[in-house]
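# Chains, contacts and geometry: an overview
So the chains spell out like this:
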Amino acid sequence: MYVHIPGSGQQLVTAAPNNNSPKSLWQIREGHDTPICPVGTPVKCGSTIRLMHLETGSNLHTHGIRSPLSNQHEVTGFGQGGEGDVGDDWEVVCEGGSYFSGSSQYWLRDRPIQFRGTATQRFLGSSSTVKFTEQNCGRGCPILNQLEVFARKTSDSYTQWKAEQGVYLSK
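Report follows, based on the coordinates.

Conventions we followed
- Residues numbered from 1 in each chain as written.
- Predicted model: local features only at pLDDT ≥ 70, side-chain atom pairs only at ≥ 80, totals over all residues.
- Heavy atoms only, no water.
- Helix = DSSP H or I, 4+ residues; strand = E, 2+ residues; numbered from the N terminus.
- Buried < 20%, exposed > 50% of the residue type's maximum accessible area, 1.4 Å probe, protein only.
- Contact = heavy atoms within 4.5 Å.
- Areas by Shrake-Rupley, 256 points an atom, 1.4 Å probe, with all protein chains shown as cover.
- Salt bridge = Lys/Arg side-chain N within 4 Å of Asp/Glu carboxyl O.
- Pairing = 2+ DSSP bridges.
- Polar contact = N/O pair within 3.5 Å; in protein donor to acceptor, adjacent residues only side chain to side chain.

## A short note on the overall build of the chain
- Per the secondary structure count, the chain includes 1 helix and 11 strands.
- Here the chain holds 171 residues, and 39% of them are scored as buried.
- Taking contacts inside the chain between residues at least 6 apart in sequence as the whole, the part at least 24 apart equals 63%.
- Approximately 9400 Å² of the chain is accessible, and the part contributed by carbon and sulfur atoms is 49%.

Written out as structure tokens, the structure reads:
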């Protein structure tokens, strides 16, 4: 994560293609005003969750401030120790949602998933065409060649994600 001053001043969230770094790990937590769920409980499609960045303890957050490169909504790390506000809540949209065909009752590993911000109704997205370069970020940019993560109105291929690594507990 990287602090971007012209935007909200919060830590920007970026993505790196094919990144196996521990800096890419997020913990799934229940949404605000949602009952606590035991560790290892499968995540139901349509659930409201928060994603907490393991290294910083910040929540994946969106709000109406424009993102620096694509001029969509900025996505940041907000709060500490998993505490934040309703801008941290994301609805889990599984196959069968607005972009997908088929159906699934639970979020499945290695299957496409989408996240819709409950406060903004925008989908979490990223694109290889929107990345930080020396031209738009400056020399010595700490996030050089990383992709901008944004929240967008449209549900499309840019808003598909997969859980590919980490520790998965199940019953």
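## Here we look at the pattern of salt bridges
- In total, this model carries 3 salt bridges according to the counting rule given.
- In this structure, Arg50 engages Glu30 in a salt bridge whose closest nitrogen and oxygen atoms are separated by 3.8 Å. Highlighted residues: Arg50 in strand 5 (residues 48–53) and Glu30 in strand 4 (residues 26–30), separated in sequence by 20 residues.
- Across the pair Glu91 and Arg116 runs a salt bridge, and its minimum N-O distance is 2.9 Å. Of this pair, Glu91 sits in strand 8 (residues 90–93) while Arg116 sits in strand 9 (residues 114–117), placing them 25 residues apart in sequence.
- Classification of Glu91 as partly exposed rests on a relative accessible area of 23%.
- The buried category is assigned to Arg116, whose relative accessible area is 19%.

## As for the pairing of strand 5
- For strand 5, a buried count of 5 out of 6 residues is recorded, marking the element as mostly surrounded by other parts of the structure.
- Across 5 bridges, strand 4 lies against strand 5 in antiparallel orientation. Directly across from Trp26, in strand 5, lies its bridge partner His53.

## Observations concerning the side chain of His61
- Assignment of secondary structure puts His61 in strand 6 (residues 59–66).
- The exposure class assigned to His61 is buried, which follows from its relative accessible area of 4%.
- Within the structure, the side chain of His61 is placed 3.1 Å from the side chain of His63, a separation counted as a polar contact.
- Here the side chain of His61 touches Gly87 through a polar contact of 3.5 Å, landing on its backbone oxygen.

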